[in-house]
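Read off the chains here:
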Amino acid sequence: MTIKKVMVIGAGQMGAGIAQVCAQSGFSVLLNDMNEDALDKGMNNIEKLLTRAVDKERITEEAKAETLNRLAPSSQLSDAESCDLIIEAIVENMDVKTKVFSDLDKFAPKQAILATNTSSLPITEIAAATNRPEQVIGMHFMNPVPVMKLVEIIRGLQTSEETYQAIENMTEKLSKTPVEVQDFPGFVSNRILMPMINEAIYTVYEGVSSPEDVDTVMKLGMNHPMGPLTLADFIGLDTCLYIMEVLHEGFGDSKYRPCPLLRKYVKAGWLGKKSGRGFYQY
């Protein structure tokens, strides 16, 4: 199928980033959020990022104007009736996501593809909330979306080959690199990344080394651009804990057990950069 018009649901950092990249790549885009303040903030953030790109001579003023002309706000899910692809980028909560997908199934055209940006939840379960599971797929973008080149494309149990090919082709039009992934907890990125972060937390918990020295080992010894504990603070320790719990529950393997120190920090409200304190103070 041909994808021309896209709706992105959720105007937070991920949703706004996805909307921006789609609009910059020539797609007509609706950025949807039920919260008017969040929607305004998302639209304004896109304009600020485009202005910054113009200032740094990465894009022209004309390209910025064309991108903004292809982008429109939406506060009603029923606006999906005019779209070929809907990408959901809301909170990582299965009940909330399945409710949105069930509603989208009623509004979106019969041929439309429904995608989710989930970083860990089962695509197959989300698809089961619709009457078109063969047209439901995962599109896991990396953060920040305008910068990061990878998109994990996750097949649910019933995802059709036609749906997969359409999303793979679109991902390439976004100047991203698609990677095919099957529907397992954490997919590839978080199945590998989060246990590494969790193990880094264990080394601090067990008194093996300080957060600063753990990060230095991984940066200078393993050539990582950012240490795992700094990265955890940027991701959000509550998000790290949630994904580790998804992995632990999904596989039933003790190697995915969240570190007690991670739980303690989250309970203390030390969530990382967004709360002002995590393994470091901000």
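Residues numbered from 1 in each chain as written. Predicted model: local features only at pLDDT ≥ 70, side-chain atom pairs only at ≥ 80, totals over all residues. Heavy atoms only, no water.

We apply this condition: UniProt positions are given in the numbering used here, feature names are shortened, and annotations may be inferred rather than shown by experiment.
In the nomenclature of an unreviewed UniProt entry, the protein corresponds to 3-hydroxybutyryl-CoA dehydrogenase from the organism Virgibacillus byunsanensis. UniProt, in the comment section headed Sequence similarities (unreviewed entry), describes the protein in these words: "Belongs to the 3-hydroxyacyl-CoA dehydrogenase family." Its UniProt record, at the heading Pathway (unreviewed entry), says of the protein: "Lipid metabolism; butanoate metabolism."

**Details of a nonpolar patch on the surface**
Quick note on the threshold: Residues qualify for a patch when their relative accessible area is over 30% and they have no salt bridge, like charges being joined within 9 Å and the nonpolar side chains of Val, Leu, Ile, Met, Phe, Trp and Tyr within 5 Å. Here the open area of atoms and residues is found with the Shrake-Rupley method and a 1.4 Å probe, where only the protein chains shown may cover a residue. A carboxyl oxygen of Asp or Glu within 4 Å of a side-chain nitrogen of Lys or Arg is what we treat as a salt bridge. For the purposes of this entry, the term helix denotes a DSSP run of H or I that reaches at least four residues, the term strand denotes a run of E that reaches at least two, and both are numbered from the N terminus.
A surface patch of nonpolar side chains, about 290 Å² in accessible area, is lined by Met-226, Phe-234 and Tyr-282. Within the fold, Tyr-282 resides in the segment after helix 11 (260–268).

**Overview of the sheet that holds strand 2 (residues 28–32)**
Hydrogen bonding along the main chain pairs the strands of a sheet, whether they run parallel or antiparallel. Basically, it comes down to this: Pairing between two strands is assigned when DSSP locates at least 2 bridges connecting them. The angle between two axes is taken between their N-to-C directions and runs from 0 to 180 degrees, where each axis is a line fitted to C-alpha atoms and a helix contributes only its stretch in contact.
Sheet architecture is open: eight strands sit in the order 3-2-1-4-5-6-7-8, paired in mixed fashion. Both outer strands of the open sheet, strand 3 (71–74) and strand 8 (177–182), are each paired with one neighbouring strand and no more. Sheet twist, expressed as the average angle between the axes of neighbouring strands with direction ignored, equals 25°. Bridge count for strand 2 against strand 3 is four bridges, and the pairing is parallel. Residue pairing across strands places Val-29 opposite Leu-71, the latter belonging to strand 3.

**As for the pairing of strand 5 (residues 113–116)**
Quick reminder of the rule: Buried, partly exposed and exposed residues are distinguished by accessible area as a fraction of the type maximum, computed with a 1.4 Å probe on protein chains only: under 20%, between the cut-offs, and over 50%, respectively. Classification remark: right-handed applies to a crossover when, strands pointing away from the viewer, the course from the first strand over the helix to the second runs clockwise.
Burial of the side chains of strand 5 extends over both faces: Ile-113 and Ala-115 are buried on one face and Leu-114 and Thr-116 on the other. Two elements, strand 4 (residues 85–88) and strand 5, share four bridges in a ladder whose sense is parallel. Looking at strand 5, one finds that Glu-88 is bridged to Thr-116. What joins strand 4 to strand 5 is helix 4 (residues 94–107), and the crossover it makes is right-handed.

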